[in-house]
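Now for the letters of each chain:
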Amino acid sequence: MKQLPEDLVSIRLTVNGVVRSLDVHPGETLLEVLRGRLRLTGTKRGCEVGECGACTVVLDGRAVNSCLVLAVQADGAEVLTVEGLAREGALHPLQRAFLEHGAVQCGFCTPGMLMSAHALLAQDPSPTPDAVRRAIAGNLCRCTGYQAIVDAVLAAAGEANSS
Amino acid sequence: MIPGVRVARPATIQDALRMRADLGLAGRPLAGGTDLLIELRRRPAPGLTLMDLSRLDDLRGVRAEDGTLWVGALTPHEDVARSALVRERATALASACGEVGSAQVRNRGTLGGNVANASPCADGVTALVALGAEAEVASVRGTRRLLVEDLVERPYRTGLAPDELILAFHVPVQGRGASAFVKLGRRDALAIARINAGCVVEVAEGRVVRCLLAVGSVMPRTQRVREAEDAVTGAPATNDTARQAGDVVARRMVEVSGVRWSTPYKEPAVRAVVARVLLRAMGIREGP
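Residues numbered from 1 in each chain as written. Chains lettered and ligands numbered in written order. Predicted model: local features only at pLDDT ≥ 70, side-chain atom pairs only at ≥ 80, totals over all residues. Heavy atoms only, no water.

This paragraph deals with the packing of aromatic side chains. By the definition in use, this model includes zero aromatic pairs over all chains. Above the ring of W70 of chain B, the side-chain terminus of R63 of chain B is found at 3.9 Å from the ring centroid. (Phe/Tyr/Trp six-rings, centres within 6.5 Å; stacked < 30°, edge-to-face > 60°. Lys NZ or Arg CZ within 6 Å of the ring centre and 35° of its normal.)

This is the structure:
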């Protein structure tokens, strides 16, 4: 990382498997870089105080609120966003389960929910319903009432474990 | 966008301390950012240099030292909560860190940041104070150790000098499950504590032989309540004793903080939270 004119900072991070080199403002958030510069607009801007979880991405294996991470803090890190879930046009099992269980209504919380669920299953492939609820406690959904989401995450876990 | 800030990323503790000394009040240490970035969005501080500490890997982790656990100041809440050492030997701290915010906040927010932010309802602070933990604080002038209870002076103010950084916490180890933490929020998920309490209780032959009890969001700062500790020590480890301690804390709260709009709610709630945390540490089921 070197300091550039006008206080821009060079960073290098891997987003969905692709290495990206960028010059960012010191006060720019990871969310702003993902949406504004990399045009990865699946990650949503919500409350910007860490309560809604709409901006959740997986940073070095952990679910984080990308509105509360400076882009410079992600220098050298690996970021997974909702755009990185599908493989060769095929939806990720979590995405499929969300659709099958009616866990997507307006869809605004869905990318964040998926990323929280993804981080959970990477750590705990067979979570209990309570563990799922705990993992998505930082993701607000005003449509579904959550049950369909919990069901979808459990179904995706079950499918991964039986295959 | 956090307007007008600069960012410096020290690579070593020595660099960080030198930078802190050079910048003084023109710099703010940035750990997990889950409080600071929100604050700076609300109240911009143009010209401020954020010292991002995330490269200081030496300040992360938990290890056993002689009679204490060393917990690096930059250890995220999630790692503290999951640490087998902390869960067994400083249960109150693991519980407290496990109840902070959401998974996303626990993954970024750090124990050192929790203490430096000094929110009156910080879960980590209450647990550290209850456990009698010390903070290791450093500057280019040297290193000192002080009780977390003395470091957090009042809401959002610590006794840190402008050139000092918290490096780590030294947490006295307890017997398995001898400490506990209880938080009362408006709901279970992602709630800021209305009241929290932590304690250490040692029981021998059915009697309490040692008790440390701290409450947060009850008095102007998170502190131990010696009157309640004294009331419990020597008494039988029972529901009645736990309830009496709750009464003592509720009384102290009104003496110290006065009668406020929240008092009719807080008095019975404090009583219940204190009784619950003590019973949990005693390993006794809460009575009717």
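Accessible area lost upon the coming together of the parts serves often as the stated size of an interface. Residue and element names in this part refer to chain A. Considered domain by domain, chain A is made up of domain 1 (2–84) and domain 2 (93–162). For domain 1 and domain 2, the distance between their C-alpha centroids amounts to 23 Å. In this assembly, 16 residues from domain 1 lie in contact with 12 residues from domain 2. Summed over the shared surface of domain 1 and domain 2, the number is zero salt bridges. Viewed at the interface, domain 2 and domain 1 are joined by four residue pairs in polar contact (both at pLDDT 80 or more). Top element by residues in the side of domain 1 that touches domain 2 is strand β3 (residues 56–59). It accounts for three residues. Across the side of domain 1 that touches domain 2, the residue classes tally to seven nonpolar, six polar and three charged. (Domains from an automatic or database assignment. Contact = heavy atoms within 4.5 Å. Salt bridge = Lys/Arg side-chain N within 4 Å of Asp/Glu carboxyl O. Polar contact = N/O pair within 3.5 Å; in protein donor to acceptor, adjacent residues only side chain to side chain. Helix = DSSP H or I, 4+ residues; strand = E, 2+ residues; numbered from the N terminus. Nonpolar A, V, L, I, M, F, W, Y, C, P; charged D, E, K, R; others polar.)

The subject of this paragraph is the nonpolar core. Of all hydrophobic cores here, the largest spans 37 residues; its most connected members are L93, V115, L128, V148, I166, F169 and V171 of chain B. The residue makeup of this core includes at least three contributed by each of domain 2 (57–172) and domain 3 (178–282) of chain B. When residues no more than four places from it in sequence are discounted, the contact partners of L93 of chain B are V80, V86, L111, G124, A127, L128, L131 and V171 of chain B. Within the second largest apolar cluster, 35 residues are counted, among which are I11, L30, L34 and V64 of chain A. (Core = buried A, V, L, I, M, F, W, Y, C linked by side-chain atoms within 4.5 Å. Buried < 20%, exposed > 50% of the residue type's maximum accessible area, 1.4 Å probe, protein only.)

The next subject is the sheet that holds strand β4 (residues 62–65) of chain A. Residues and elements named next belong to chain A. As summarised here, the arrangement of the five strands in space is β2-β1-β5-β3-β4, forming an open sheet in which the pairing is mixed. Either end of the sheet is taken by a strand with one partner, and the two such strands are β2 (18–24) and β4. Shown here is a sheet whose adjacent strand axes are inclined to one another by a mean of 40°, direction ignored. Here strand β1 (residues 9–15) runs beside strand β5 (residues 78–80); their pairing, made up of two bridges, is parallel. Paired with T14 across the strands is E78, a residue of β5. Lying over the sheet, helix α1 (residues 30–37) contacts β1, β2, β3 and β5, oriented at roughly 105° with respect to β2. Taken strand by strand, helix α3 (residues 110–123) contacts β3, β4 and β5, and its axis lies near 30° from that of β3. (Pairing = 2+ DSSP bridges. Axes fitted to C-alpha atoms, helices over the stretch in contact; angles between N-to-C directions.)

With that out of the way, let us pick up helix α12 (residues 263–282) of chain B. All names here are of chain B. Given a rise of 1.5 Å per residue, 20 residues ought to cover 28 Å, and the 28 Å separating the end C-alpha atoms of α12 matches this to within 8%. Taken as a whole, α12 has its buried residues at T263, K266, A269, V270, V273, V274, A275, V277, L278, L279, A281 and M282. Contact partners of the buried residues in α12: β11 (179–184), β12 (195–204), β13 (207–216), α10 (226–232) and α11 (239–257). Two residues or fewer after α12 comes G283, characterised by a positive phi angle close to 75°. (Expected span 1.5 Å × (residues − 1).)

All right, on to the environment of I149 of chain A then. Residue and element names in this part refer to chain A. For I149, the location among the structural elements is in helix α5 (residues 147–162). Separated by 45 residues in the primary sequence, I149 and V104 place their C-alpha atoms 7.9 Å from one another. Beyond its immediate sequence surroundings of up to four residues, I149 is in contact with F98, A103, M113, I136, C141 and T144.

Right, let's talk about the sheet that holds strand β10 (residues 165–172) of chain B for a bit. Think of a sheet as strands paired side by side through backbone hydrogen bonds, with each pair either parallel or antiparallel. Residues and elements named next belong to chain B. Strand order in the open sheet made by the five strands is β4-β5-β10-β6-β7, with antiparallel pairing throughout. Looking along the sheet, the strands with just one partner apiece sit at the ends: β4 (62–65) and β7 (142–147). Going from strand to strand, the sheet's axes swing by 25° on average, the running direction of each strand aside. Relative to strand β5 (residues 68–72), β4 runs antiparallel, the two being bridged by four bridges. Counterpart to A64 in the pairing with β5 is L69. Against the sheet, helix α1 (residues 13–23) contacts β6 (134–139) and β10, and its axis sits at roughly 120° relative to β10.

Turning our attention to the interface of chain A and chain B. Between chain A and chain B, the residue contacts involve 34 residues of the former and 32 residues of the latter. The largest contributions to the chain A side of the interface with chain B come from R62, L68 and Q73 of chain A, which together make up 24% of the buried area. The interface formed by chain A and chain B includes four salt bridges. Between R9 of chain B and D75 of chain A there is a salt bridge, with its nearest N and O atoms 3.6 Å apart. At the level of secondary structure, the elements contributing two or more residues to the side of chain A that touches chain B comprise β3, β4, α3 and α4 (129–135) of chain A. Broken down by element, the side of chain A that touches chain B gets its largest block of residues, four residues, from β4 of chain A. (Buried area = accessible area lost by both parts, 1.4 Å probe.)

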